[in-house]
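# Examining the three-dimensional arrangement
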Amino acid sequence: LDWQQQQQSGFPNGQKPDGSFSYSGDRSEAHVLPKAALAYHFDDERMLYGSVTQGYRAGGLNANATSQASAELEYDAEYTWNYELGLRSLWIERAVAFNLTGFYTDWRDQQVFTERLPNDVVETNAARSHVMGAEAELRYRSHNGVGLWANTGVIEAEYDERLGQEYAPGSPTPTSVDYAGKRFAHIPNFTWALGGAYLHTSGMFTRADVHGHSATYVDDKNANRADAVALFDLRVGYTDT
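Because the structure is a prediction, the values reported are computed rather than measured. Per chain, the residues get numbers from 1 upward, laid out in the order the sequence is written. A pLDDT threshold of at least 70 governs which residues receive local features in this predicted model, and a stricter bar of 80 or more applies before side-chain atom pairs are shown or counted, although totals over entire chains, interfaces and linings include all residues. As a rule here, side-chain values come from all non-hydrogen atoms in the structure, and water together with hydrogens is ignored.

### Structural notes on the sheet that holds strand S13 (residues 190-199)
With antiparallel pairing, nine strands are arranged side by side in an open sheet as S3-S4-S7-S8-S9-S10-S13-S14-S17. A strand with exactly one partner marks an edge of an open sheet, and here the two such strands are strand S3 (35-43) and strand S17 (229-238). If you compare each strand with its neighbour and ignore which way they point, the axes differ by 15° on average. Strand pairing requires that DSSP identify at least two bridges connecting the strands. The way it works is that DSSP assigns letters per residue, a run of H or I at least four long becomes a helix, a run of E at least two long becomes a strand, and they are numbered from the N terminus. In this structure, strand S10 (residues 146-161) lies alongside S13, joined through nine bridges in antiparallel fashion. Axis definition: a line fitted to C-alpha atoms, over the contacting stretch in the case of helices. Angles run 0 to 180 degrees between N-to-C directions.

### Focus: a nonpolar patch on the surface
Residues form patches when they are more than 30% accessible in relative terms and have no salt bridge. Like charges link within 9 Å. Nonpolar side chains (Val, Leu, Ile, Met, Phe, Trp, Tyr) link within 5 Å. Under the convention used here, a 1.4 Å probe and the Shrake-Rupley method define accessible areas, while residue burial counts only the protein chains that appear. Definition used for salt bridges: Asp or Glu carboxyl oxygen within 4 Å of a side-chain nitrogen of Lys or Arg. A cluster of nonpolar side chains, namely Val52, Trp81, Tyr83, Tyr104 and Met132, defines an oily patch on the protein surface of about 410 Å² accessible area. Positionally, Val52 belongs in strand S4 (residues 46-57). Throughout, exposure labels follow a simple rule: accessible area from a 1.4 Å probe, protein chains only, divided by the maximum for the residue type, with under 20% read as buried, over 50% as exposed, and the rest as partly exposed. Take Val52: its relative accessible area is 31%, and that puts it in the partly exposed class.

### Quick word on the side chain of Thr114
By the element assignment, Thr114 lies in strand S8 (residues 96-117). Judged by its relative accessible area of 15%, Thr114 falls in the buried class. What qualifies as a polar contact is a pair of N or O atoms within 3.5 Å, subject to a donor-acceptor requirement within protein and to the restriction that residues adjacent in sequence count only when both atoms come from side chains. A distance of 2.9 Å separates the side chain of Thr114 from the side chain of Thr124, its partner in a polar contact. Excluding residues within four positions of it along the chain, Thr114 makes contact with Asp120, Val121, Val122, Thr124, Arg162 and Gln165. Any pair of residues with heavy atoms lying within 4.5 Å of one another is described as a contacting pair.

Written out as structure tokens, the structure is:
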């Protein structure tokens with residue numbers, strides 16, 4: 001990555017009286033990502049599997065910085081170790097499918113946004129985070145065109161080690177913030193869905209489902225919440241098979 005930035009501004013931001021600055025920088029990274037997976041088939045209709053993979057997102061430069069000092073700050077690559085264990089199965093002459101998945105992610109140096117100065121937000125790294133959860137799915141499909149399904153999931157997504165700061169409106173002095181134990185913004189604790197469909201031999205079909213999730217935090221400080229959401233969808237149509 002090669003980056004050049006120049007800002008011409010009359011807005012002061014602590015670096016120059018007029019807020020103007022220029023910066024150029026570069027980064028180069030290389031990484032090998034291991035993956036291991038193992039599956040055991042009980043028979044043609046039931047399978048248990050597990051996997052371990054490493055994830056990676058490249059580090060970078062603060063291309064949206066609004067000050068010289070912030071533009072010079074780089075953020076490091078982030079890494080995850082992802083563990084997954086699951087069951088895939090078919091029952092009752094393959095008419096019923098039941099799937100179950102559990103997962104855990106150990107997240108290191110997660111890239112996050114931090115308010116360095118008022119009106120100057122930069123990307124930095126949180127030391128450690130984790131994501132843990134499970135999902136279950138049940139589906140039924142008959143020979144006469146009827147289909148039913150239901151699924152649900154639970155998830156915990158939290159910062160384990162992350163320090164930051166914030167500025168109160170009108171205050172020139174930052175306040176330290178400890179995010180340890182805080183949930184990620186916009187990640188619900190619980191998701192769910194129910195639905196059904198019918199396909200007639202003529203090609204006419206109808207499908208209806210309702211799905212939603214629990215309340216979520218809208219900021220990493222977990223100071224503000226958005227209400228739980230439920231959506232209802234209905235579709236009627238024709239397909240030529």
